[in-house]
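Here are the chains, one letter per residue:
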Amino acid sequence: MKKFSNLRNWKSWHLVLFVCIFSSLVFPISFSNAAVKSGSACPKAGTTAIASGKTFTCINSGKKLVWSQKILNPTQTTSNTVLNIFENSNNFIAFSNVQHDIASNSVNYIPIDVQTGPNTNPYFNDYLTLENKLFRLYSNINHPNSMLIIQYNYLDIQWANDVVKLKTSTTDYQWILNNQNFRGPPAAAQCNSLKQDCRNQQMQVMPSGTALIMYGIPNDLKCCDSTLELRFKNGMGNAHEITHAFQLATFANKNINYPFWPPRWFSEGGAEFFGAASSLENFQTYLEFSKQELSNFPRFSTGTPDLKFLINYLDMANLNPDGTWGKYNDNFAYDLGFFVIEALEAKYGSNKIFNIFKLMSDGNNFESSFKSVTNDSWINQVPIISN
């Protein structure tokens, strides 16, 4: 059994903090306005600078480090750099917004316990880096009390079930057994007994407030979905489930049901988008993922959705009692939801998206929550977002 712990040395942390503060006082860093502009070279990823009243963040773009302005409206900025082709596009603006939030937000850590099966070799295991990014991104919303992440392949199903029982309270374990999403001991629910493979992942916040993530590790990444390589090797799948932990923590201990529960395209699309934008190493990789995500559409329909399809899909009148969308394939909640959240991020920013979750957890439906946060009518925004 392999075990991960995020225990930190208190004294070392304070020493590092003192050195950082002392260094910033003695050796102040400044950037000239002429040097800081969108697309120009910058020294270190995560560095921020202010030029002409605008905030810029140093991000990875391909193999280069470049300055990126945080933009909340596609019409606010223009650029004469090589990034011109992307500067006003939803995907670049949305990705840059998330990178800026990660670089500028404070961080509040919670305990994470990652357990890996004895026969399991995960494709990604850098939880320290991922934890730092996600806890910064979600610093202003409710956190689960802690996280228990169990990684396992088909050979380790029984081991995974044993670990769940060992690591959870009697109350939490009984809740897991009764939970309709797990349908009994949770490990097997993520696996295919015929193929003897585990490709699925699931997250639930237990009554204690601990987020349980059952993370099935597939035997290979050559099947079914063109995005598997990026999901498993870059930590995007891990970030997707951790995002759900923060989403559900907002609703913890609240008896909220549809239509006051977020529509699936909003929750799953949010996990897809924020998982990708936070975990993928640079904009080029993020753009590659979005292209692969788009290529998944023909699996669920006769082709890429047209404007009429999108408008009908996002019409709240088509919401089923279980939060799914009428006649549409549920996989659209992930793939199409990704692009809808990307458009919302580019227009409104992360905090407003998170605030919609918060208002819905207080018993408001999606349309009224959207209106309160953005001052825009959802029904009026659907054609714009769809375009």
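Described in the following lines is the structure provided in the data block. (Residues numbered from 1 in each chain as written. Predicted model: local features only at pLDDT ≥ 70, side-chain atom pairs only at ≥ 80, totals over all residues. Heavy atoms only, no water.)

1. Brief notes about the nonpolar core
Nonpolar side chains tend to gather and get buried jointly when the protein is soluble and globular.
Phase 1 of the analysis: Counting 75 residues, the largest nonpolar core has Trp265, Leu344 and Trp378 as its most contacted members.
Phase 2 of the analysis: Counting residues in hydrophobic clusters, the runner-up holds 16 residues, among them Leu148, Ile150, Tyr152 and Val164. (Core = buried A, V, L, I, M, F, W, Y, C linked by side-chain atoms within 4.5 Å. Buried < 20%, exposed > 50% of the residue type's maximum accessible area, 1.4 Å probe, protein only.)

2. Structural notes on the pattern of salt bridges
Oppositely charged side chains are able to pair whenever their charged atoms sit close together.
Phase 1 of the analysis: Across all of its chains, the model carries eight salt bridges by this definition.
Phase 2 of the analysis: The residue glutamate 272 makes a salt bridge to arginine 231 at a minimum N-O spacing of 2.7 Å. Here the residue glutamate 272 occupies a position in helix H9 (residues 264–279), and arginine 231 occupies one in helix H7 (residues 228–233), the gap between them amounting to 41 residues.
Phase 3 of the analysis: Judged by its relative accessible area of 1%, glutamate 272 is buried.
Phase 4 of the analysis: Overall, arginine 231 belongs to the buried group, its relative accessible area being 13%.
Phase 5 of the analysis: Between glutamate 268 and arginine 264 there is a salt bridge, and its shortest N-O distance comes to 3.8 Å. Taken together, the residues span about one helical turn, with glutamate 268 and arginine 264 both in helix H9 at a distance of four residues.
Phase 6 of the analysis: Through salt bridges with shared partners, a single ionic network connects Asp197, Arg199 and Asp220. (Salt bridge = Lys/Arg side-chain N within 4 Å of Asp/Glu carboxyl O. Helix = DSSP H or I, 4+ residues; strand = E, 2+ residues; numbered from the N terminus.)

3. Quick notes on the pairing of strand S6 (residues 146–152)
Phase 1 of the analysis: Buried residues dominate S6, accounting for seven of its seven residues.
Phase 2 of the analysis: Here seven bridges tie S6 to strand S10 (residues 210–216), and the two strands are oriented parallel to one another. Pairing of isoleucine 150 across the sheet is with methionine 214, part of S10. (Pairing = 2+ DSSP bridges.)

4. A word on the packing of helix H12 (residues 332–348) against helix H13 (residues 350–361)
Phase 1 of the analysis: Orientation of H12 relative to H13, taken along the N-to-C sense of each, is 115 degrees, at an axis distance of 7 Å. The residues of H13 that touch H12, namely those facing Ile341, Leu344, Glu345 and Tyr348, are Ser350, Lys352 and Ile353.
Phase 2 of the analysis: Among the residues making up the contact of H12 with H13, the classes are represented as four nonpolar, one polar and two charged. (Axes fitted to C-alpha atoms, helices over the stretch in contact; angles between N-to-C directions. Contact = heavy atoms within 4.5 Å. Nonpolar A, V, L, I, M, F, W, Y, C, P; charged D, E, K, R; others polar.)

5. Re the pairing of strand S5 (residues 112–116)
A regular strand places its side chains so that they alternate between the two faces of the sheet.
Phase 1 of the analysis: Taken across its five residues, S5 has five buried, putting it largely inside the fold.
Phase 2 of the analysis: A two-sided burial pattern is seen for S5, the buried positions comprising Ile112, Val114 and Thr116 on one face and Asp113 and Gln115 on the other.
Phase 3 of the analysis: Alignment of S5 against S6, held across five bridges, turns out to be parallel. Its bridge partner lying in S6, threonine 116 is registered against glutamine 151.
Phase 4 of the analysis: Taken together, S5, helix H4 (residues 127–137) and S6 constitute a β-α-β crossover, and its handedness is left-handed. (Right-handed = clockwise from strand over helix to strand, strands pointing away.)

6. Topic: the packing of aromatic side chains
Phase 1 of the analysis: The full count for this structure, using the stated rule, is 30 aromatic pairs.
Phase 2 of the analysis: Residues phenylalanine 273 and tyrosine 286 carry aromatic rings whose centres are separated by 6.2 Å and whose planes lie at 85 degrees to one another, so their mutual orientation is edge-to-face. With a gap of 13 residues between them, phenylalanine 273 in helix H9 and tyrosine 286 in helix H10 (residues 283–295) connect regions that are remote in the sequence. Note on accessibility: phenylalanine 273 and tyrosine 286 belong to one class, buried. (Phe/Tyr/Trp six-rings, centres within 6.5 Å; stacked < 30°, edge-to-face > 60°.)

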